[in-house]
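# Working through the structure, step by step
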There are 2 protein chains.
Amino acid sequence: MSPRTKQQFETIREGRKDQIMQVALELFANEGINTPISKIAKEAGISKGLMYNYFESKDELLREVALSGMKEIFDLFDPNHDGVLTDEEFVYFISETFRLLEKNREYWKLYFSMVLHPKVMELIQAEMMEMLPGLMAVQVKYFASKGSKDPETDAMFFNSMMDGIGMNYVNNPDLFNLDKIKNRIIEIFTKNL
Amino acid sequence: MSPRTKQQFETIREGRKDQIMQVALELFANEGINTPISKIAKEAGISKGLMYNYFESKDELLREVALSGMKEIFDLFDPNHDGVLTDEEFVYFISETFRLLEKNREYWKLYFSMVLHPKVMELIQAEMMEMLPGLMAVQVKYFASKGSKDPETDAMFFNSMMDGIGMNYVNNPDLFNLDKIKNRIIEIFTKNL
DNA sequence: TATCTTTGACCGATCGTTCAGTCATAAATA
DNA sequence: TATTTATGACTGAACGATCGGTCAAAGATA
């Protein structure tokens, strides 16, 4: 095997971090954010001490796991980053959100349980406040173009609704027919408001 | 003071329990459910040991606090318990929910953060499963009377939406104009579906 | 005095974090 | 190339702190 550059080492290191974060995510989701570092390490196949080579502290691990989840959903909006939402992009966002929800339920279970935890909220609040305004602006523009008299309220309403549906679905998937609810949402929000 | 009957002692005891639960609620809400028993006791002005006269364990305290919050919101529905929702009762439920949300934000902050916590969910799942079907039945009947083609989905949708709005409001009250959103909800759900 | 209430020191368990030391491998040297 | 040196990934015992829960004893009450 040829010698590796620093760059390549860094890539390998990042890959390992991702693997640990994946394990941490699942454990946090199913056993709460109090899952011991030792358990995460064991599940990831490394020693407890090594965890501290990859993450400064448990809080830092929590923060990174929480943020990676946030970014995934935020990136769904305005996929080509032109600041404008077409009808197609809006429906795509809704569909894609629901697809992610179904595909990786454990993941989002953690996401909701973490995001509401006072301690985790503090850890990620700064980054959240950076992401929110841009997202809202795109939505407000969209709802305004649909004839909404109060696009800010409609955007707030829409986001809250999506949160509530996601939260309920991941915690009680048996009670949910996600497809029907998806169609209901699209019906309400893509017609002229 | 006149001698007290067993009944009266029981009433006093319940009152003290309520007071402790109120303190526990606020601490759980603001510092997470890992707040130590000792801290709750100190805040309530009693010793740690005495906590175990009122509550069998910390889990039991958690369970009771979580359930008392649930019951409060569940009782808002169908106030006269006749199994039928009028338009007035439906609007009353929405308004009252929002009033409670504004009046006792800390309380609901805890509620949402607790209800999503895996451990707490286990503790209260049995009772939740008892309450849910009755609540749903009343709502389904209501939405059906409003001409909904799929009242089950609409009820699910409605409840999830309310959860999402409540969750977002208690965590970010500054970003929310609750009145506007309330009117939007009433507008959507009381017209013929 | 007899009974009930309340206290807080104490215990065992668990957790996050540290760190001295090991070892495989990369880099330097001869 | 062969040998030595340097690196840093990795381990796990150990530490200090914290927690839920217990209990003997003090205090209050009747």
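Everything numeric in this text was worked out from a predicted model, so none of it was measured. (Residues numbered from 1 in each chain as written. Chains lettered and ligands numbered in written order. Predicted model: local features only at pLDDT ≥ 70, side-chain atom pairs only at ≥ 80, totals over all residues. Heavy atoms only, no water.)

The subject of this paragraph is the relation of the copies chain B and chain A. At an RMSD of 0.1 Å, chain B and chain A line up after a rotation of 180° and a shift of 0.0 Å along the axis. When the rotation and shift are considered jointly, the pair of chain copies conforms to a two-fold rotation axis. If distances are taken from each C-alpha of chain B to the rotation axis, the shortest is found for Gly 164 of chain B, at 1.8 Å. (Least-squares fit on C-alpha atoms with pLDDT ≥ 70 in both.)

Our next topic: the domain arrangement of chain A. Residue and element names in this part refer to chain A. Domain annotation for chain A reports domain 1 (6-55) and domain 2 (66-190). Distance from the C-alpha centre of domain 1 to the C-alpha centre of domain 2: 27 Å. In this assembly, six residues from domain 1 lie in contact with eight residues from domain 2. In this assembly, domain 1 packs against domain 2 so that about 680 Å² is buried in total across both faces, 75% of it on carbon and sulfur atoms. (Domains from an automatic or database assignment. Contact = heavy atoms within 4.5 Å. Buried area = accessible area lost by both parts, 1.4 Å probe.)

So, about the environment of Val 138 of chain B. Residue and element names in this part refer to chain B. Here Val 138 lies in helix α7 (residues 118-145). With relative accessibility at 11%, the residue Val 138 sits in the buried group. Residues Val 138 and Asn 183 lie 45 residues apart in sequence; the distance between their C-alpha atoms is 22 Å. (Helix = DSSP H or I, 4+ residues; strand = E, 2+ residues; numbered from the N terminus. Buried < 20%, exposed > 50% of the residue type's maximum accessible area, 1.4 Å probe, protein only.)

A separate point is the packing of aromatic side chains. Residues and elements named next belong to chain A. Evaluated as defined, the whole model comprises 24 aromatic pairs over all chains. Geometrically, the ring pair formed by Phe 90 and Phe 143 is edge-to-face, given 5.7 Å between the ring centres and 80° between the ring planes. Placement of Phe 90 in helix α5 (residues 87-103) and of Phe 143 in helix α7 (residues 118-145) is noted, with a sequence separation of 53 residues between them. By relative accessible area, which is 0% here, Phe 143 ends up buried. Ring centres 5.1 Å apart and planes at 70° place the aromatic pair Tyr 111 and Phe 112 in the edge-to-face group. When sorted by exposure, Tyr 111 lands in the same class as Phe 112, which is buried. In textbook terms, an aromatic cluster arises when at least three aromatic residues are bridged by ring pairs, as seen for Phe 90, Phe 93, Tyr 142, Phe 143, Phe 157, Phe 158 and Phe 189. (Phe/Tyr/Trp six-rings, centres within 6.5 Å; stacked < 30°, edge-to-face > 60°.)

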